[in-house]
Amino acid sequence: CLYVSRHVRDELGLAGHGIEFEFDRGMMEVTVGDRVLFRQNRGRPGDDFHVRNGDTGTVNVSQRETISVALDNGKAVAFNPKRYHQVEYAYASTIHANQGTGAPVVIGSITKGDDARSLHVTMTRAEQILRVHTHLKREDVFERLTSDRSLAAKDDAMLYQAVVKRMGGADTPWAKTVGRAMAFA
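Residues numbered from 1 in each chain as written. Predicted model: local features only at pLDDT ≥ 70, side-chain atom pairs only at ≥ 80, totals over all residues. Heavy atoms only, no water.

Before we go on, may I ask you to explain the environment of Thr66 in this structure?
For Thr66, the location among the structural elements is in the loop between strand 4 (56-62) and strand 5 (67-71). The exposure class of Thr66 is partly exposed, given its relative accessible area of 27%. Not counting the four nearest positions on each side in its chain, Thr66 is found in contact with Val61, Ala78, Phe79 and Pro81. (Helix = DSSP H or I, 4+ residues; strand = E, 2+ residues; numbered from the N terminus. Buried < 20%, exposed > 50% of the residue type's maximum accessible area, 1.4 Å probe, protein only. Contact = heavy atoms within 4.5 Å.)

Would you explain a nonpolar patch on the surface in this entry?
Side chains of Val105, Ile107 and Ile129 sit close together on the surface and give an oily, nonpolar patch of about 270 Å² of accessible area. Among the secondary structure elements, Ile107 is positioned in strand 8 (residues 103-110). With relative accessibility at 61%, the residue Ile107 sits in the exposed group. (Patch = residues over 30% accessible without salt bridge, like charges linked within 9 Å, V, L, I, M, F, W, Y side chains within 5 Å. Areas by Shrake-Rupley, 256 points an atom, 1.4 Å probe, with all protein chains shown as cover. Salt bridge = Lys/Arg side-chain N within 4 Å of Asp/Glu carboxyl O.)

What should I look at first to understand the pairing of strand 3 (residues 35-38) in this one?
Sheet faces and side chains relate simply in a regular strand, where the side chains alternate between the two faces. In this structure, strand 3 lies alongside strand 4, joined through three bridges in antiparallel fashion. Within strand 4, the residue paired with Leu37 across the bridge is Thr56. In the sheet, strand 3 pairs with strand 7 (residues 87-89) via three bridges, with the strands oriented antiparallel. Bridged to Phe38 within strand 7 is Val87. (Pairing = 2+ DSSP bridges.)

Explanation requested: the side chain of Ser68 in the structure shown.
Within the fold, Ser68 resides in strand 5. Among all residues touching Ser68, those that are not within four sequence positions of it are Thr58, Val59, Asn60, Val61, Val77 and Ala78.

Spelled out as structure tokens, the structure:
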């Protein structure tokens, strides 16, 4: 995600306009307008600096001693980058890092290691646009994601009914397998 975030940041014209800071994952340039992710809880509600792991926001001040961020939850925080180091760009993240939240655009991938549950996680993160990429053949994707092993439990099959709607309805291979898995369980 770091490389994708840096590329998006470059395309937005933000690169070269900020201040370099050393965070726990290396050097990172921060400028006004950057999207950042806090990766560690700090402080308590009511403290001057209180963030939770996974909070995201937009930088509105970037100075040597202070970075101020308007959080997506409506709050504002300021922190000393020499004292809090668990920050990274928030232009891209893994589907699991979103911890149940959605995103307007989701770009996912399907590999041999994925199953129906991982596809479900990917699909349920997309709010408006979903793009799924794979190096597998179409038949291999359906076999991989709709096998009885992939959808063995009745609870899983019921959970994936929402995915059936998103994938085109009851006549798709996915929908037919969900029905088989529900009958099998």
